[in-house]
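# Chain and residue survey
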Amino acid sequence: MTMLETPPAEVPLNLVKPRRPDRTPNRVGQVLRYIALGILISAVLLPFYWMVSSSLKMNNDVFTIPVKWYPDTVVWGNYVDIWQKSEMTTWLRNTLLLSVVVTFLQVLTGSFAAYGFAKVRFPGRDVLFLAYIATIAVPWQSYMIPQFVLFSKLKLTDTFWSIIALQAFSAFGVFLMKQFYETIPDDLIDAARIDGMNEYGIYRRIMLPLSVPALASLTLLTLVNTWNDYLGPLLYLRSPGLRTIQLGLKTFVSTYNAEYALIMTGSVLSVLPIAVIFLLGQRYFVEGIATTGLKG
Amino acid sequence: MATMPVARRSRGRLMSRNTVVGWSFLLPNFIGFGIFTFIPVGLLFYYAFTDWNVFTGAEWSGLDNFSRLLNDSSFWTALRNTFYYSIFHIPLTLGASLALALLLNRKMRGVAFFRTAAFFPYITSIVAIAQVWNMLFSPSFGPINEIIRAFGVDNPPGWTSSANWSMPAVIIVGVWREMGYYMLLILAGLQTVPAQLYEAARVDGANAWWQFRAVTLPGLRPTMFFVTVMLTIGSLKVFDLILVMTDGGPGQSTLVLTQYIYQKGFKEQEFGYASAISIVLFGICLAVTVVQFLVNKRKDA
Amino acid sequence: MKRSIAVLGAAAAISLVLAGCGGSSGSSEAASGPITLTLAGWSLSTTPEFKTLADGFHATNPDVTIQVKEYDATNYDTQMIADLAAGKGPDLYVQKNLKNFFTYQDGKQLLDVSDVAKGLPDTVKGLSNYQIDGKTYAIPYRGDSWVMYYNQALFDKAGVDYPDGSWTWDDYVSTSKELTTKLKAAKSKALGDYQHNWQSTTQGFALAQTPGADMQSGNFSYLKPYYERSLALQKAGAQVKIGDVTTNSLTYQAQFGKQQAAMMPMGTWYIATLLAQQTSGEADQFKWGIAPAPQFDATTAGTSKTPVTFGDPTALGINPKLDKSKVTAAKAFLGYIAGKQGAESLAKIGITPADSEAVADTFFELKGIPTDDLSKFAFATHDTKPENPVAKSTPALQNLLNELHTSVLSGSVTVDAAITKAQDQAKSQGLTK
């Protein structure tokens with residue numbers, strides 16, 4: 001943000017300007033594009049439609065032969081019942097808390113480490129980076145028992161810290177941010193170095209503002225992954241008061257094992273917060289650079 | 001000649017200063033990562049060479065687990081299925097997400113809605129996904145087969161309830177679910193493509209396809225590299241989707257390696273053997289990733 | 001950036017402090033005075049049995065409080081194995097079925113409770129299943145077994161006679177076909193029968209009823225007639241195809257409760273569910289009854305004989321890591337749940353206790369339960385075999401046989417080919433002789 005006041009000399013800032021196509025609009029092409037998108041998107045949204053319509057049905061009408069695609073009579077009761085029959089509020093609050101903390105830590109430490117991997121040269125860097133990537137290749141199911149024993153020795157099990165420790169330091173964020181930092185020209189950083197800016201300053205005042213789309217992507221993906229994580233909380237959390245939304249929904253499924261209408265109601269409610277966040281935040285992925293004010 | 005030692009010394013000092021600075025950047029992440037991921041993964045490599053059932057102590061068994069793998073037909077089936085899934089899932093997802101990203105990387109009415117919609121499959125709960133898609137695929141009552149019948153096919157596929165069609169069905173759902181996720185990453189990557197390169201290309205009279213080949217693709221390389229690596233590892237490690245959709249069935253037609261690992265470990269309490277299978281999967285992922293790294297490096301040069 | 005490191009350090013420090021306070025209370029309580037035991041349970045709001053037993057015991061032993069710790073119902077064993085491996089398991093935990101009993105016992109995660117077993121009446125069923133080398137490692141308190149539910153209203157509509165307890169599986173097949181035809185003629189959409197897509201629905205009966213059937217022998221041919229009958233029912237349209245059961249996620253509760261099928265083999269746990277669903281309106285109101293499961297042949301069929309069926313007894317065991325001072329109390333609790341008092345309290349909430357004969361009267365006082373003679377006979381009289389043998393190879397064999405189950409019923413391979421393949425695989429993995 002402070003970039004605006006003191007742009008380092010002779011840095012081709014406009015190099016990183018977003019693509020702004022301004023072709024003459026082609027009416028027919030435009031219409032065809034909308035039709036194609038419309039068909040595609042309705043196919044994509046079909047399962048979500050089914051979730052919503054199921055949540056408005058009587059329970060035993062959810063699975064029938066043949067399938068009923070819309071409710072005979074709309075039953076809003078499920079949306080009232082679920083708050084009474086489940087601890088939805090607790091689950092949502094827990095998940096929100098966890099998602100925010102995990103995302104914050106992941107974005108912060110991930111982008112920080114990525115700068116070290118992408119722009120600072122030191123011995124052993126590439127080997128260490130490969131080790132990071134390598135762990136992505138190990139399926140979690142195979143080391144979750146050793147990890148569980150370790151966590152319980154550290155007395156982390158059945159606390160939120162276990163989920164935070166599990167999710168906040170993943171190699172994914174480091175990898176993602178490193179790839180984006182590599183697209184930022186070294187000239188820019190060298191110029192800043194010559195200007196006497198130290199590495200931490202470069203990270204904070206050049207890299208962070210320039211990588212807003214990547215940061216936004218990482219934030220959103222981490223948020224979604226933490227929000228939707230099921231196996232982690234399943235293994236680590238036992239106390240009902242700590243349940244996350246996925247875990248809560250799953251226990252709800254086992255408890256009311258055949259109440260599919262209610263389960264679908266819960267699923268709809270669990271998706272909504274993320275959908276709203278996405279809708280509000282999506283422009284940052286694409287307009288991120290413009291909004292930080294780098295008009296060149 | 002006289003300046004050489006000075007230069008070397010100063011380079012050495014720069015190096016060690018860089019090491020300190022570099023590590024200071026890595027440390028916050030590395031502390032957490034090292035303790036919570038590296039150590040357990042290291043233990044996994046030890047358990048792979050033991051006979052371990054969780055409760056009794058792990059007994060060293062050398063290469064027994066690995067020689068047992070050679071004769072385990074279920075393992076080979078799982079390996080084959082893992083490749084089957086990956087070979088189709090990777091290019092299809094890559095193509096679909098790239099197409100979506102290019103379509104939606106422009107100012108147009110309703111673009112926010114379309115982007116959100118494309119991302120929806122990824123945020124929808126996997127339980128709901130499995131149920132809806134299974135219904136769509138229902139052999140006698142599902143709408144997919146109704147449409148196919150309408151086109152005059154008398155014997156439409158049995159999809160998830162048939163051994164031959166279950167894998168294609170799972171691949172379709174896999175692509176559908178993940179294309180929005182990778183679209184998002186590619187969209188973010190597209191923003192780093194310098195705009196004046198397009199202008200230059202247009203001045204040179206390049207058509208849309210040529211612009212795409214000469215400007216977009218090279219500019220997207222770091223992003224595409226990331227996407228390809230993640231997609232490859234993700235496909236080789238596919239787990240939850242298959243677990244909820246077919247649970248490996250019918251028979252062993254959709255049994256994949258991760259699922260076999262889970263089955264051997266948590267259902268049959270053979271954690272030593274399960275660890276050995278993980279090592280194989282790990283080796284495959286690593287080999288593919290290293291190849292991708294090398295190819296990427298060569299293009300860089 | 002120093003700030004972020006400081007934040008992280010603080011987070012780590014806090015986590016240690018928090019973990020220190022919030023961790024388990026430890027097991028160093030005094031020998032005398034009030035004792036608290038932890039008991040593993042699942043789905044507490046709809047599975048009242050744990051609280052019923054805990055409260056009942058506390059009422060007679062005010063010094064001992066049983067605290068129920070909730071686990072996930074479907075991932076119970078995964079969570080339990082993780083907890084026990086980390087040394088954090090509860091004092092008392094349930095053996096949901098016999099499949100994993102060997103794992104826990106072999107892993108030395110169960111205390112020898114032979115002295116409790118000695119004090120129990122002979123009518124407690126399933127005790128021998130939890131004995132290894134003459135020692136008992138868990139005490140059964142629930143004893144569900146498979147019976148056949150039938151919808152009397154649909155039988156009436158089709159004009160078919162109710163089952164009389166003398167059926168073999170061939171009678172079941174022919175009646176199902178007859179019902180389907182006649183129900184269709186009577187303009188009903190219901191089918192003759194519904195077999196849920198679990199592997200036990202077919203394999204449990206085959207193993208329990210076929211003379212000489214032995215999973216570990218490596219000869220799975222005993223499964224063949226059972227699969228041929230299921231396939232015949234699917235082909236005749238008397239039963240929903242397995243592909244539609246899985247793709248449409250059909251639930252057995254809705255299939256029988258919403259009168260989609262006239263007959264259904266299922267465990268006795270469904271009695272309590274069906275009663276509750278009929279009260280709540282989840283299931284239709286109709287008259288139903290239970291009959292003994294159809295038999296392999298006539299030698300065990302009929303109300304003058306003892307029909308053979310299957311079902312795993314649910315048992316409770318003690319975690320050996322339990323504090324020494326609590327062992328007596330824990331054993332007393334095991335004695336209570338398997339004894340008459342425990343059985344009575346379970347019967348009152350519609351659960352079949354291990355000692356079902358002792359409480360049949362209490363059970364049939366439940367509101368809405370069918371009280372005809374055949375239902376009472378089916379509930380009280382049966383030779384219930386375990387669903388699976390207790391052995392190290394059982395879980396692996398179960399997985400192989402499940403693959404056989406889905407491939408045969410989906411019509412992907414013939415019964416013979418699937419059986420041969422499963423036998424070869426079992427042999428190559430060293431699971432069978």
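Because the structure is predicted, anything quoted here is derived from the model rather than measured. (Residues numbered from 1 in each chain as written. Chains lettered and ligands numbered in written order. Predicted model: local features only at pLDDT ≥ 70, side-chain atom pairs only at ≥ 80, totals over all residues.)

A few words on the overall build of chain B. When you go through chain B residue by residue, the secondary structure sums to 12 helices and 2 strands. Starting at the N terminus and walking to the C terminus, you meet the elements of chain B as α-β-β-α-α-α-α-α-α-α-α-α-α-α. Relative to the compact-globule value of 19 Å for 301 residues, chain B shows a C-alpha radius of gyration of 25 Å, a clear excess of over 25%. Across its three principal axes, chain B shows a C-alpha extent of roughly 85 × 65 × 30 Å. (Helix = DSSP H or I, 4+ residues; strand = E, 2+ residues; numbered from the N terminus. Rg over C-alpha atoms; globule rule 2.2 N^0.38 Å.)

Secondary structure assignment for chain A yields 13 helices and 0 strands. Counting helices and strands in the order they occur from the N terminus, chain A gives α-α-α-α-α-α-α-α-α-α-α-α-α. Within chain A, the proportion of its 296 residues that are buried is 51%. Counting only contacts in chain A whose residues sit at least 6 apart along the sequence, the fraction spanning at least 24 positions is 79%. (Buried ≥ 20, exposed ≤ 12 C-beta atoms within 10 Å, placed from the backbone. Contact = placed C-beta atoms within 7 Å.)

Moving on, we come to the interface of chain B and chain C. On the side of chain C, 31 residues touch chain B, which itself brings 32 residues to the contact. Every element with two or more residues in the side of chain B that touches chain C is listed here: α3 (73-103), α5 (126-137) and α11 (257-267) of chain B. Considering every element that reaches the side of chain B that touches chain C, the biggest residue donor is α5(B), with 4 residues. Taken together, the residues that form the side of chain B that touches chain C break down as 10 nonpolar, 19 polar and 3 charged. (Nonpolar A, V, L, I, M, F, W, Y, C, P; charged D, E, K, R; others polar.)

This part covers the sheet that holds strand β7 (residues 146-151) of chain C. Residue and element names in this part refer to chain C. Reading across the sheet, the 4 strands line up as β8-β9-β7-β10 and stay open at both edges, with mixed pairing between neighbours. Two strands in the sheet have a free side with no partner beyond their single neighbour: β8 (191-193) and β10 (288-291). Geometrically, the sheet is characterised by an average inter-axis angle of 25 degrees between neighbouring strands, direction not taken into account. Alignment of β7 against strand β9 (residues 261-267), held across 5 bridges, turns out to be antiparallel. (Pairing = 2+ DSSP bridges. Axes fitted to C-alpha atoms, helices over the stretch in contact; angles between N-to-C directions.)

So, about helix α9 (residues 208-236) of chain B. The terminal C-alpha atoms of α9(B) lie 34 Å apart, and with 29 residues this falls more than 12% below the ideal 42 Å at 1.5 Å per residue. Of all the bends in α9(B), the largest measures some 60 degrees and sits at B:R221, one to four residues before the proline B:P222. (Expected span 1.5 Å × (residues − 1). Bend = angle between axes of the 7 residues up to and from the residue.)

Right, let's get into unusual backbone geometry. Negative phi is the rule for most residues except glycine; trans is the rule for most peptide bonds. All names here are of chain C. Residue S43 is not a glycine yet carries a positive backbone phi of 40 degrees. Residue position: S43 is located in the loop between β1 (35-42) and α2 (49-60). For S43, a count of 21 C-beta atoms within 10 Å translates into the label buried. Phi is positive for D133, close to 50 degrees, though the residue is something other than glycine.

Consecutive side chains of a regular strand alternate in pointing toward one face of the sheet and then the other. Residue and element names in this part refer to chain C. Of the two faces of β10, the one lined by W288 and I290 and the one lined by G289 and A291 are each fully buried. Relative to β10, β7 is paired through 4 bridges, and the arrangement is antiparallel. The residue of β10 that forms the bridge with Y150 is G289.

Where a protein is soluble and globular, its nonpolar side chains tend to be buried together. The biggest cluster of nonpolar side chains holds 207 residues, and the ones touching the most others in it are B:I186 and C:I139. With 16 residues, the top contributor of residues to this core is helix α7 (residues 166-190) of chain B. Excluding its chain neighbours within four sequence positions, the residues that come into contact with C:I139 are C:V113, C:V116, C:A117, C:A315, C:L316, C:L334 and C:A338. Residues C:M266, C:A283, C:F379 and C:A418 belong to the second largest nonpolar core, which totals 73 residues. (Core = buried A, V, L, I, M, F, W, Y, C linked by C-beta atoms within 7 Å.)

Right, let's get into the interface of chain A and chain B. Tallying the contact residues gives 76 residues for chain A and 76 residues for chain B. Listed by contribution, the elements that provide at least two residues to the side of chain A that touches chain B are α1 (27-55), α3 (88-119), α4 (125-136), α5 (140-153), α6 (160-167), α7 (171-183), α10 (212-228) and α13 (260-291) of chain A. The biggest single contributor to the side of chain A that touches chain B is α13(A), with 14 residues. Residues that form the side of chain A that touches chain B fall into these classes: 52 nonpolar, 16 polar and 8 charged.

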